[in-house]
Amino acid sequence: MKASREEIMYVPCVYHHTGINKPDYLATVDVNPKSPRYCQVIHRLPMPNVNDELHHSGWNACSSCFGDPTKVRDKLILPCLISSRVYVVDVGTDPRAPCIHKVVEADDIKEKCGLAFLHTSHCLGSGDVMISAMGDPEGNGKGGFVLLDAETFEVKGNWELDGQAAEFGYDFWYQPRHNVMISTEWGAPRVFGNGFRIEDVQAGHYGHRLHVWDWTKRTCIQSLDLGENGQVPLGIRFLHNPDSDQALMCCALSSSVLHVYKVEGGQWETEKVIQVRSKKVEGWILPEIPGFISDILISMDDRFVYFNNWLHGDVRQYDITDIRHPRMVGQVFIGGSIVKGGPVTVVEDNDLHDQPDPLFIKGRKVPGGPQMIQLSLDGKRLYVTTSLFSAWDKQFYPDMIRDGGVLLQIDVDTTDGGLTLNPDFLVDFGKEPHGPVLVHEPRYPGGDCTSDIWI
């Protein structure tokens, strides 16, 4: 696949839980190494409200609209995890200086859909934009989907039929040639919004199921209980080949990657193909610390899968030529909770001989751990940010609340596999004009590996 090098990226910046009473904003970052403003924020678009918690984002048009000349990828869809608003940002008029095109208010979504706490956004070939929700307006778990008209961005209503919402929601991916959509679960917003407690998992406030939907009928046709292998299933990614019936999904608390596939008769099954082993520790909230895989992506050529361990601090690359037997070919550590000199002492580790050193880039100690990842279309640059969710950042990485997040770049060997941290790339969001800010999922104007679905 031929792809030009990206020149700018859009990065949501969050002040929620930092103690700074300012609106979140969308940062435009120069990532062109030939530019005099390389690794700098060149534009900031503040939102008109505070305490939104910008999180994930999507596009008004993508590969699902292929063949329709009226569709242009010129609007970035920014759902808000806490306020449940949706900001539609014009990135087409001036890509280097975006502006707000429309605000979809939470009350409109509540009235028409009965949903709140919005997460993943995907464009559809029908001309709509679909956004997953994680709860009802009261913060109880409810995994439904909001439809926006991709031209007017008016709320059209729910995608799922009445009574079909899952108990919890989070991510989703659809594969039209198999008439399927699969969605995942985080937990009840009124619970996870206050930080993580293992007691809440034991009380059933977090998800452990995968939901299979009939894409045309908009009904849930199968729910798979993942058990101990699938505690808190988050990101799911099908192979990019539109004929494929194979997907990979990361389960955060279980620190596992599951292979999701269709079997004879049209049913779907899962099998664990990667397990990140917990480390026995002292000085942490539990006697063992899981890797906590919270993000996953597959390269555009379907050869490699990448995922993070937010608590252990590493990013991994696996060759998935044989998807049932992934082979790790790259690993790099970026901060994390087990670094030397920190409050956590590892007393038993089946993978490492020693605790990793803290990471310094250009003299800046990197706080937090690797969280959101985004891969360039040519597969050679993996971008990494450090914020998971502000309430959890505050709980697990208070130094990131104090010092701000970062955007880093990992160079990828696309021939034999391998990851190398770029020592010359750092966007330091601890030095923003209004104070340190948290940063979440980056996007490229030209498309990326986690938004484009082919029909």
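Position numbers for residues count from 1 along each chain, tracking the sequence in the order it is written. Where totals are concerned, whole chains, interfaces and linings use all residues; where local detail is concerned, this predicted model gives features only for residues with pLDDT of at least 70, and gives and counts side-chain atom pairs only at 80 or more. Side-chain numbers come from the whole structure's heavy atoms, not from hydrogens or water.

This paragraph deals with the state of the cysteines. The term disulfide is used for any two cysteine sulfur atoms that are within 2.5 Å. Following the criterion strictly, the structure yields one disulfide and no others. The residue that forms a disulfide with Cys62 is Cys123, at a sulfur-sulfur distance of 2.2 Å. Measuring the twist about the S-S bond at about -100°, one finds the Cys62-Cys123 disulfide to be left-handed. Of the two residues, Cys62 is situated in the loop between strand S4 (58-59) and strand S5 (75-79) and Cys123 in strand S8 (residues 116-123); the sequence distance between them amounts to 61 residues. Cys123 shares its class with Cys62; the two are buried. Cysteine Cys13 remains unbridged, with the sulfur of Cys80 as its closest cysteine sulfur at 13 Å. Unpaired in this structure, Cys449 has its nearest cysteine sulfur neighbour in Cys62, at a distance of 13 Å. Runs of E in the DSSP output that reach at least two residues are strands. Runs of H or I that reach at least four are helices, and both are numbered from the N terminus. Here's how the labels work: a residue is buried when its accessible area is under 20% of the maximum for its type, exposed when over 50%, partly exposed in between, all with a 1.4 Å probe on protein chains only.

Here we come to the environment of Cys251. Position of Cys251 relative to the elements: it lies in strand S17 (residues 246-251). Put simply, Cys251 and Ile293 are 42 residues apart on the chain and 6.2 Å apart in space, counted from C-alpha to C-alpha. Non-local contacts of Cys251, meaning those with residues more than four positions away in its chain, are made with Asn229, Gly230, Gln231, Val232, Pro233, Ser256, Leu258 and Ile293. A contact between two residues is defined here by any heavy atoms of the two lying within 4.5 Å.

With that settled, the discussion passes to helix H1 (residues 106-113). Residues of H1 that are buried include every one of Ala106, Ile109 and Cys113, and no others. Looking down the long axis of H1, one finds its buried residues gathered within 65° of arc, a one-sided arrangement. What points out from H1, more than 90 degrees from its buried face, is the exposed set Asp107 and Glu111. Taken together, the buried residues of H1 touch strand S6 (86-90), strand S7 (99-104), S8, strand S10 (145-149) and strand S11 (155-158). After H1 finishes, the residue Gly114 shows a positive phi value of roughly 65°. Each direction from the helix axis to a C-beta atom contributes to the arc, which is the arc of those directions.

Take the pattern of salt bridges next. A carboxyl oxygen of Asp or Glu within 4 Å of a side-chain nitrogen of Lys or Arg is what we treat as a salt bridge. Tallied over the entire structure, the rule returns 30 salt bridges. The salt bridge partner of Asp354 is Lys340, with a shortest N-O separation of 3.2 Å. One end of the pair, Asp354, is in the loop between strand S26 (345-348) and strand S27 (360-361); the other, Lys340, is in the loop between strand S25 (327-333) and S26, and 14 residues separate them in sequence. Of the residues examined, Lys340 reaches a relative accessible area of 35% and is grouped as partly exposed. In this structure, a network of salt bridges that share partners links the residues Glu6, Asp378 and Arg381.

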